[in-house]
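Listed below, chain by chain, are the residues.
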2 protein chains.
Amino acid sequence: MSISTSPHSHLLPQNHNHFLSNHRIHITTTLSLPSPRTFRPIKCAATPTQLQDPLPTQTQAQERVFNFAAGPATLPETVLLRAQSELYLWRGSGMSVMEMSHRGKDFTSIIEKAESDLRTLLQIPPEYSVLFLQGGATTQFAAVPLNLCAPEEPVDYVVTGSWSDKAFKEAQKYCKPSVIWSGKSEKYTKIPSLQGLEQNPDAKYLHICSNETIHGVEYKDYPTPTNPNGVLVADMSSNFCSKPVDVSKFGVIYAGAQKNVGPSGVTIVIIRNDLIGHAQGLTPVMLDYKIHAENRSLYNTPPCYGIYMCGLVFEDLLEQGGLGEVEKNNVKKAEILYNAIDASNGFYKCPVEKSVRSLMNVPFTLEKSELEGEFIKEAAKENMVQLKGHRSVGGMRASIYNAMPLPGVQKLVAFMKDFQARHA
Amino acid sequence: MSISTSPHSHLLPQNHNHFLSNHRIHITTTLSLPSPRTFRPIKCAATPTQLQDPLPTQTQAQERVFNFAAGPATLPETVLLRAQSELYLWRGSGMSVMEMSHRGKDFTSIIEKAESDLRTLLQIPPEYSVLFLQGGATTQFAAVPLNLCAPEEPVDYVVTGSWSDKAFKEAQKYCKPSVIWSGKSEKYTKIPSLQGLEQNPDAKYLHICSNETIHGVEYKDYPTPTNPNGVLVADMSSNFCSKPVDVSKFGVIYAGAQKNVGPSGVTIVIIRNDLIGHAQGLTPVMLDYKIHAENRSLYNTPPCYGIYMCGLVFEDLLEQGGLGEVEKNNVKKAEILYNAIDASNGFYKCPVEKSVRSLMNVPFTLEKSELEGEFIKEAAKENMVQLKGHRSVGGMRASIYNAMPLPGVQKLVAFMKDFQARHA
């Protein structure tokens, strides 16, 4: 298969299916903004374009790219269009969601709906609290030990990549963490055997990162703490809501929203209620789960607009049929991409052990590494962007979160085959 | 003056001036969202309405209210319309700002422009860093002592209301703070004489809250630390960018964005560089100013969309002529409202000492307190919302931040006079 490099043909989807992104939507925006001193008319023309129609000639016409960024990442088009339609005035409230008092009835309805929909999606048991916080997973790296153990208590960390390593290092300030397994010597390409983990029998918790965004390794099942009073804690930032999860296996799940469920600036914590209320005395009030649980995430002003966006994404995931359906799509997308890599006779290589390859983040290299710059550049010309691997590992990385449509992956694979044909 | 209670007349501005909000903009949104399985047309019709024109008959037509909320608060209409116009696709990037990698060139240009414009607005000296963080002022209540002093060192707090009291209490975890003045016995209606403050000569810093959102007291000038090695630290959340400030008088200025400069979820810290790099060993990495300064607010994923919104607000403030012009408007609005209260022969009362009344948050009560519920209810019917005072002080509170247009205050004052005429 070859791909033309004419200016527009790369914009055409490779085949027809039911994904929204297969329908090209051209929004021509001529919304003139009145300055504070003058008043100009506002025009907004949005016209849908049918498949294979010629592109509009207006210079304002814009095209969405396929964004393979690791996070912040691509969001569902339906969610963005919904957000755009009600940004200025939210459903008869007379104001934008960004302007709402976080204690008013409108925002209360938004945050309660978001929590309720997330509970439905993940089937969160009633004895767990859901918190909408700030500061990213990095803040939770401190909050988890500060809330779950005393300074002298042991905890266990499995280090499968950069993020679990950062979590371990931060915990050293607040308790006695041990690295009970590290994939560093194998460049973080593996997940340990769950049975073989030598856990500390007194560890207050066992911490894992369920999917390493940079290295592309993902747990397919989860370890059980050997300490009967210990709990499993997971940083799920980069595969949160990408598939069903048995929440009852975990004491704490935390996730930055900016991969699968919203914009950056929102951190979601799901915590079993009996683990709340034991924070160390020096815990900043904003890192104390008890404060946030008692105040239903409204102790101080939460990141309201981000929470609203997460709520729209949750609605969208439910409309897709829930996380079982979402997982099926993610498996399909990942299979297509990994198969293309593995069928390339070594032209492309994925260093990750096959059984633990991530459905979300697909790192790969070129056998001829000197071509990697050219690969990324040509892909960008074809409107596939953010394919450069993390600076710590090099190569390429395609992040294919929930909102990356199948045609995006299909187009990438077609491009990879074409690139190989031209450079093999 | 009387105000009709007919369904629409309250929507008409009371007089003509140059404020944007005096022009009613009716946006009729019929933007149909395609579901993932179907494809429906997208229509967007936005038609401006001239002053005094009849209201459109479409049921979708919506009207903006005057939102007197204390924060999150009203934002400039121009900023909201700009944000709406480019939410789906930002300026040829092929994606929403919410989807951009925080390390990519597009978002880099956004955060750098925001910082540069803020530096221009506040004339921030080059020896100060500007940080865009998360967690609100409440997180800074811990970060300030953790970064600026050792656990055994003394610091001074002036407690002029609920927020400075919370800041003091959080500092007790991390150093030896003293309350050197408290307005509690006078129900937080005063600011102390700056000369009369009995400061600890060894205090590493002197902490103030420049404007108390709940109690409506505002510093008109700032104290100088008596310790030559001490610095002044100010929580400016609720009057940030409402007037020019001599940044060089401060060691640290911090502010939640959600009053004057953006949506909730962004906290801005302005800090003199020599104060960076001395954090206590137990400081969470996310509360360490050095980490954020060295990484230009990109150590982890920042609240990108909120920073983008702040940048749009900064542009708007510069277009208005800068903070000198902004202050003039704020003074005018506050004068009108305080004058109405003071001229009401005691029907309305503001408990705050006249010389320190806030330009931003105007608390007032009714002599006949049993009418307060009715006042708030009738005002809401007239599209003036969020006028209820904080639960800790009762009564009413009108927050009139930068983005509250003069016609909003004029309409409130007209309503107050009418309400008095009917209930005196």
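The written sequence of each chain sets the order in which its residues are numbered from 1. Labels follow written order: the first chain is A, the first ligand is 1, and so on. This being a predicted model, a pLDDT of at least 70 is required before a residue's local features are given, and a value of 80 or more before pairs of side-chain atoms are given or counted; all residues contribute to the totals for chains, interfaces and linings. Computation of side-chain values covers all heavy atoms of the structure but excludes hydrogens and water.

With respect to the overall build of chain A
At step 1: Helix and strand definitions follow DSSP, with helices as H or I runs of at least four residues and strands as E runs of at least two, each counted in order from the N terminus. For chain A, the count of helices and strands is nine helices and 14 strands.
At step 2: For every residue, the accessible area (1.4 Å probe, protein chains only) is compared with the maximum for its type, and the residue is labelled buried under 20%, exposed over 50%, or partly exposed between those bounds. Burial statistics for chain A: of 424 residues in total, 64% are counted as buried.
At step 3: What makes two residues a contact is simply this: any of their non-hydrogen atoms within 4.5 Å. Pairs at least 24 residues apart make up 70% of the contacts formed inside chain A by residues separated by at least 6 positions.
At step 4: Per element, the accessible surface of chain A, about 15700 Å² overall, is 51% carbon and sulfur. Residue-level accessible areas treat just the shown protein chains as cover; the underlying method is Shrake-Rupley with a 1.4 Å probe.

Let's talk about the packing of aromatic side chains
At step 1: Working definition: a ring pair exists when centres of Phe, Tyr or Trp rings (six-membered ring for Trp) sit within 6.5 Å. Plane angles under 30 degrees give stacked, over 60 give edge-to-face, the rest tilted. This model, assessed by the stated rule, comprises 31 aromatic pairs over all chains.
At step 2: Arranged with centres 6.5 Å apart and planes meeting at 50°, the rings of Phe141(A) and Trp163(A) form a pair that is tilted. With Phe141(A) in helix H3 (residues 136-148) and Trp163(A) in helix H4 (residues 162-171), this residue pair connects regions lying 22 residues apart in the sequence.
At step 3: Under the relative-accessibility criterion, Phe141(A) is labelled buried at 2%.
At step 4: The interplanar angle of 40° and the centroid separation of 5.9 Å between the aromatic rings of Phe415(B) and Phe419(B) together place this pair among those described as tilted. Linking Phe415(B) with Phe419(B), this pair stays in helix H9 (residues 406-423), spanning four residues, or about one helical turn. Comparing Phe415(B) with Phe419(B), the two get one shared label, buried.
At step 5: Cluster of aromatic residues (ring-pair linked, three or more members): Phe347(A), Tyr348(A), Phe364(A), Phe375(A), Phe415(A) and Phe419(A).
At step 6: For a lysine, the NZ atom is tested; for an arginine, the CZ atom; a charge sits over a ring if that atom is within 6 Å of the ring centre and within 35 degrees of the ring normal. Looking at Arg64(A), its charged tip hangs above the ring of Tyr88(B), at a distance of 5.2 Å from the centre.

Things to note about the environment of Met98(B)
At step 1: By the secondary structure assignment, Met98(B) is in the loop between helix H1 (77-85) and helix H2 (105-122).
At step 2: Met98(B) gets classed as buried once you look at its relative accessible area, which sits at 2%.
At step 3: Taking the C-alpha atoms as reference, Met98(B) lies 5.6 Å from Tyr305(B); in sequence the two are 207 residues apart.
At step 4: Discounting chain neighbours no more than four positions away, the residues touching Met98(B) are Pro72(A), Ala73(A), Leu75(A), Pro263(A), Tyr305(A), Met309(A), Leu87(B) and Tyr305(B).

Quick notes on the UniProt feature "domain: Aminotransferase class V" (unreviewed entry) in chain A
At step 1: UniProt positions are given in the numbering used here, feature names are shortened, and annotations may be inferred rather than shown by experiment. The UniProt entry lists residues 65-412 of chain A under the feature "domain: Aminotransferase class V" (unreviewed entry), expressed in the numbering used here.
At step 2: Secondary structure content for residues 65-412 of chain A is 31% helix and 16% strand, and the end C-alpha separation is 12 Å.

Some thoughts on the nonpolar core
At step 1: Core analysis: the biggest nonpolar cluster contains 197 residues, and Phe240(A), Tyr305(A), Phe375(A), Phe240(B), Tyr305(B) and Phe375(B) have the highest contact counts within it.
At step 2: As used in this record, nonpolar core signifies buried Ala, Val, Leu, Ile, Met, Phe, Trp, Tyr and Cys residues forming a set joined through side-chain atoms within 4.5 Å. Membership of the second largest hydrophobic core comes to 34 residues, among which are Leu146(A), Leu148(A), Val159(A) and Phe168(A).

Quick look at the sheet that holds strand S12 (residues 361-366) of chain B
Residues and elements named next belong to chain B.
At step 1: One open sheet accounts for three strands, arranged S11-S12-S14; its pairing is antiparallel. The sheet is open, and its two edges are formed by strand S11 (348-349) and strand S14 (396-399), each paired on a single side.
At step 2: DSSP calls a pair of strands paired once it identifies at least 2 bridges connecting them. Of the strand pairs in this sheet, S12 and S14 are connected by four bridges, and their pairing is antiparallel. Paired with Phe-364 across the strands is Met-396, a residue of S14.
At step 3: Note on definitions: angles span 0 to 180 degrees between N-to-C directions of axes, and those axes are lines fitted to C-alpha atoms, for helices only across the stretch in contact. Its contacts with the sheet place helix H7 (residues 323-342) against S11, S12 and S14, and it is angled at close to 15° to S12.

Focus: the pairing of strand S9 (residues 252-256) of chain B
Residue and element names in this part refer to chain B.
At step 1: Judged by how many residues are buried, S9 sits mostly within the fold: five of five residues are covered.
At step 2: For strand S8 (residues 231-235) and S9, the ladder comprises three bridges, and the chain directions are parallel. Of the residues in S9, the one forming a bridge with Val-233 is Val-252.
At step 3: Note that S9 and strand S10 (residues 267-272) share five bridges and pair antiparallel. Looking across to S10, one finds that Ile-253 is bridged to Ile-270.

Overview of the side chain of Asn260(A)
Residues and elements named next belong to chain A.
At step 1: Note on placement: Asn-260 falls in the loop between strand S9 (252-256) and strand S10 (267-272).
At step 2: Any pair of nitrogen or oxygen atoms within 3.5 Å is treated as a polar contact; in protein, a donor-acceptor pairing is required on top of that, and neighbouring residues in sequence qualify only through side-chain atoms on both sides. Of the polar contacts made by the side chain of Asn-260, one reaches the backbone oxygen of Phe-240; its length is 3.3 Å.
At step 3: A polar contact is formed between the side chain of Asn-260 and the backbone nitrogen of Asn-402, at a distance of 2.8 Å.
At step 4: Excluding its chain neighbours within four sequence positions, the residues that come into contact with Asn-260 are Ser-238, Asn-239, Phe-240, Ser-242, Val-313, Met-360, Tyr-401 and Asn-402.

Let's talk about the pattern of salt bridges
At step 1: Basic side-chain nitrogens of Lys or Arg form a salt bridge, by our definition, when they fall within 4 Å of a carboxyl oxygen of Asp or Glu. Taken as a whole, this structure holds 46 salt bridges over all chains when the rule is applied.
At step 2: Here Glu218(B) and Lys243(B) are joined by a salt bridge, their closest N and O atoms 3.1 Å apart. Here the residue Glu218(B) occupies a position in the loop between strand S7 (205-209) and S8, and Lys243(B) occupies one in the loop between S8 and S9, the gap between them amounting to 25 residues.
At step 3: Judged by relative accessible area, Glu218(B) falls into the buried class, the value being 0%.
At step 4: Via salt bridges that share partners, Arg64(A), Glu77(A) and Glu99(B) belong to a single interconnected network.

Thoughts on the sheet that holds S10(A)
Residues and elements named next belong to chain A.
At step 1: With mixed pairing, the seven strands of this open sheet are ordered in space as S4-S10-S9-S8-S7-S5-S6. At either margin of the open sheet sits one strand with a lone partner, and together these are strand S4 (128-133) and strand S6 (176-182). If you compare each strand with its neighbour and ignore which way they point, the axes differ by 15° on average.
At step 2: Relative to the sheet, helix H2 (residues 105-122) contacts S4 and S10, its axis offset from that of S4 by approximately 130°.
At step 3: Contacts from H4 reach strand S5 (154-159), S6, strand S7 (205-209), strand S8 (231-235) and S9, with the element oriented near 160° to S5.

Side note on unusual backbone geometry
At step 1: A cis geometry characterises the amide bond from Gly71(A) onward to Pro72(A), with omega recorded as -5°.
At step 2: The backbone of Gln123(B) sits at a positive phi, close to 45°, despite the residue not being glycine.
At step 3: Examined against the element boundaries, Gln123(B) turns out to sit in the loop between H2 and strand S4 (128-133).
At step 4: A positive phi angle, close to 55°, is found at Asn345(B), a residue other than glycine.

A look at the packing of H3(A) against H4(A)
All names here are of chain A.
At step 1: Between H3 and H4, the least distance of the axes is 8 Å, while the angle of their chain directions is 45°. The angle between the axes of H3 and H4 places the two elements in the oblique class. Relative to H4, H3 is oriented so that their crossing is right-handed. Judged by residue contacts, Thr-138, Phe-141, Ala-142 and Pro-145 of H3 engage Trp-163, Lys-166, Ala-167, Glu-170 and Ala-171 from H4.
At step 2: Classifying every residue of the contact of H3 with H4 by side-chain character gives six nonpolar, one polar and two charged. For this classification, under 35 degrees means roughly parallel, over 145 means roughly antiparallel, 65 to 115 means roughly perpendicular, and everything else is oblique. Note: crossing handedness is left-handed where the near helix turns anticlockwise from the far helix by less than a right angle, and right-handed where it turns clockwise. When residues are grouped by polarity, Ala, Val, Leu, Ile, Met, Phe, Trp, Tyr, Cys and Pro land in nonpolar, Asp, Glu, Lys and Arg in charged, and all others, Gly among them, in polar.

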